[in-house]
Amino acid sequence: MMNNKPLYVTQPSLPPLEDLQPYLEMIWNNKILTNGGPLHQEFETRLAEYLGVEHVSLFTNCTVALITALQALRVSGEVITTPYSFVATAHSLLWNGLQPVFVDIDPDTFNLDPERIEAAITPQTTAIMPVHCYGNPCDVDRIQKIADVHGLKVIYDAAHAFGVKRNGESILRHGDLSVLSFHATKVFNTFEGGAIVSPDAKTKRRIDFLKNFGFADEVTVVAPGINGKMDELHAAIGLLQLNHVDEAIRKRRDIDMSYRVRFTGLPGIECLDVPKNVEWNYSYFPIRVKPGYRLSRDELYNELKKQGVFSRRYFFPLISDMSMYRGLPSAAMANLPAATMAANEILCLPIFPDMTEADIERVSHVLMNEATTVLE
Ligand SMILES: Cc1ncc(COP(=O)(O)O)c(C=O)c1O
């Protein structure tokens, strides 16, 4: 019998409910709800250990963390970034009164193309904000070289890059700051949440002031900071989730492999290459729907939807096509051919740890069927 239950692009992983009870009792007993309480401190420490970094600042979400990261480094003028991301990347620039300058992506990695960065630098450029798209590491070495030559800061939007390592080392150790998302849709979630990874204690301290209204102590406010503090309840969820994240990533890897086996040789469907020398997090399963496939990307998206499978066009439309950005000179389609093509071809299929073989079969069946049947 056909299963009509909606199958979404993701389904959040949750720790066993009974494991939360002791934390709730702790919070209710000590009446510390936020402002860097004991669970917040413990989660920061354990998270840094897990990620293989030294300095982590927890936040309410990634967007506020991105806005704060730009403040912390006193970024001004123009910032080079990718149009192929979630809107929050560029929105964080507008919230700081900064001008996004869109640079095209590398068509193979979907990340900012380092070859094209230098041509976009002007006397007003002060920073680069790349995204490790789908957890695929950016070319961090080349980006750093360009930043060093031109005296620019690098802030990675690492919303997709939880736990990703390159050559055995955390990808979050690159650039001046890296910013994570723990949103419900991510590999690791605290319902809502985020963090900034800093290279040194001094930078972390400034960020911690900024996320608490700018307070350095009871009577000293050093900057117009924001309220970006993660509370105790979310920190408790984070602590519990850490116990399960390795298993969640392993399950994602198996699903990724299962899809690849099924799609091998399917004309017009291309899977992304698994990045080399990388411990990946399998956060998304993007496919490219090429002209060799019987349906267009949007037709396939609609066909899946008709059958209760809710894939997502991450990332379509491009940020540069949105009304608040499209007037920028760098937003012109002619400047962004690879990103434009990616936005028209990509489809992210469901992937989440509790996905069953039957779920994978259900998604694959639609793709295979549509490859061979003639449309009415
Ligand atoms: C690349 C990217 N940046 C930023 C964000 C914003 O994260 P948050 O929802 O935690 O604010 C997201 C997703 O939500 C994202 O995918």
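Notes on the structure follow. Keep in mind the model is a prediction, meaning the values are calculated, not measured. (Residues numbered from 1 in each chain as written. Predicted model: local features only at pLDDT ≥ 70, side-chain atom pairs only at ≥ 80, totals over all residues. Heavy atoms only, no water.)

**Description of the pattern of salt bridges**
Part 1 of the reasoning: Under the criterion given, the structure shown has 21 salt bridges.
Part 2 of the reasoning: The closest approach of N and O atoms between Glu115 and Arg142, which form a salt bridge, is 2.8 Å. Within this pair, whereas Glu115 is found in helix H5 (residues 114–117), its partner Arg142 is found in helix H6 (residues 140–150), the two being separated by 27 residues in sequence.
Part 3 of the reasoning: With a relative accessible area of 35%, Arg142 lands in the partly exposed category.
Part 4 of the reasoning: Notably, a salt bridge pairs Arg166 with Asp141, separated by 3.2 Å at the nearest N-O pair. Of the two residues, Arg166 is situated in strand E7 (residues 165–166) and Asp141 in helix H6; the sequence distance between them amounts to 25 residues.
Part 5 of the reasoning: Judged by relative accessible area, Asp141 falls into the partly exposed class, the value being 41%.
Part 6 of the reasoning: Residues joined by salt bridges that share partners form a network here, namely Glu44, Lys204, Asp208 and Lys211. (Salt bridge = Lys/Arg side-chain N within 4 Å of Asp/Glu carboxyl O. Helix = DSSP H or I, 4+ residues; strand = E, 2+ residues; numbered from the N terminus. Buried < 20%, exposed > 50% of the residue type's maximum accessible area, 1.4 Å probe, protein only.)

**Looking at the site of the ligand**
Part 1 of the reasoning: Around the ligand, the structure places 15 residues, and the nearest of them are Thr63, Asp157, His160, Ser181 and Lys186.
Part 2 of the reasoning: Every element with two or more residues in the shell around the ligand is listed here: helix H3 (62–72) and helix H4 (88–94).
Part 3 of the reasoning: Of the residues that constitute the shell around the ligand, the class distribution is five nonpolar, eight polar and two charged. (Near = heavy atom within 4 Å. Nonpolar A, V, L, I, M, F, W, Y, C, P; charged D, E, K, R; others polar.)

**Describing the state of the cysteines**
Part 1 of the reasoning: Counting across every chain of the model gives zero disulfides.
Part 2 of the reasoning: Residue Cys138 stays outside any disulfide, its sulfur separated by 8.6 Å from that of Cys133, the closest cysteine.
Part 3 of the reasoning: Looking at the unpaired Cys348, the closest cysteine sulfur is the one in Cys133, lying at 8.0 Å. (Disulfide = S-S within 2.5 Å.)

**A word on the pairing of strand E5 (residues 125–129)**
If a strand is regular, its side chains alternate between the two faces of the sheet.
Part 1 of the reasoning: Across the five residues of E5, four count as buried, placing the element largely inside the fold.
Part 2 of the reasoning: In this sheet, strand E6 (residues 153–157) lies alongside E5 in parallel orientation, the contact comprising two bridges. The residue bridging Ile128 from the neighbouring strand is Val154, located in E6.
Part 3 of the reasoning: Crossover connection from E5 via H6 to parallel E6: handedness right-handed. (Pairing = 2+ DSSP bridges. Right-handed = clockwise from strand over helix to strand, strands pointing away.)

**With respect to the nonpolar core**
Part 1 of the reasoning: In this structure, Phe43, Leu47, Ile80, Ile117, Phe162, Leu180 and Phe182 are the most contacted members of the largest nonpolar core, which totals 51 residues.
Part 2 of the reasoning: Every element with two or more residues in this core is listed here: helix H1 (21–30), helix H2 (38–51), strand E2 (55–59), H6, E6, strand E10 (194–198), helix H8 (232–242) and helix H9 (245–263).
Part 3 of the reasoning: Top element by residues in this core is H8. It accounts for six residues.
Part 4 of the reasoning: For Ile117, the contacting residues outside a window of four places in its chain are Ile80, Val103, Leu112, Ile128, Ile143 and Ile146.
Part 5 of the reasoning: Core analysis: the next-biggest nonpolar cluster, separate from the first, contains 26 residues, Tyr134, Ile319, Ala342 and Cys348 among them. (Core = buried A, V, L, I, M, F, W, Y, C linked by side-chain atoms within 4.5 Å. Contact = heavy atoms within 4.5 Å.)

**Focus: the pairing of strand E3 (residues 78–81)**
Part 1 of the reasoning: Across the two faces of E3 the burial is the same, with Glu78 and Ile80 and Val79 and Thr81 all buried.
Part 2 of the reasoning: Two elements, E3 and strand E4 (residues 99–102), share four bridges in a ladder whose sense is parallel. Across the sheet, Thr81 pairs through a bridge with Phe102, a residue of E4.
Part 3 of the reasoning: For the crossover that starts at E3, traverses H4 and ends in the parallel E4, the hand is right-handed.
Part 4 of the reasoning: Note that E3 and E5 share four bridges and pair parallel.

**Focus: the sheet that holds strand E13 (residues 269–271)**
Part 1 of the reasoning: Ordered by their spatial adjacency, three strands build an open sheet running E13-E15-E17, and the pairing between neighbours is antiparallel. Lying at the two open borders of the sheet, with one neighbouring strand each, are E13 and strand E17 (346–349). Geometrically, the sheet is characterised by an average inter-axis angle of 35° between neighbouring strands, direction not taken into account.
Part 2 of the reasoning: Contacts between H9 and the sheet are confined to E13, strand E15 (285–289) and E17, with E15 contributing the most and set at about 20° to the helix.
Part 3 of the reasoning: In the packing of helix H10 (residues 297–306) onto the sheet, contacts are made with E13, E15 and E17, and the angle to E17 comes to roughly 25°. (Axes fitted to C-alpha atoms, helices over the stretch in contact; angles between N-to-C directions.)

**A word on the packing of aromatic side chains**
Part 1 of the reasoning: All chains considered together, the criterion is met by 21 aromatic pairs.
Part 2 of the reasoning: Seen from their ring centres, Phe43 and Phe182 are 6.3 Å apart, and the 55° between their planes marks the pair as tilted. In this pair, Phe43 is assigned in helix H2 and Phe182 in the loop between strand E9 (177–181) and E10, connecting sequence segments 139 residues apart. Residues Phe43 and Phe182 agree in their burial class; the two are buried.
Part 3 of the reasoning: Between the aromatic rings of Phe162 and Phe188, the centroid separation amounts to 4.5 Å while the plane-to-plane angle is 0°, which identifies the pairing as stacked. Of this pair, Phe162 sits in the loop between E6 and E7 while Phe188 sits in the loop between E9 and E10, and the two are 26 residues apart along the sequence. Of the two residues, Phe162 and Phe188, neither departs from the other in class, the shared state being buried. (Phe/Tyr/Trp six-rings, centres within 6.5 Å; stacked < 30°, edge-to-face > 60°.)

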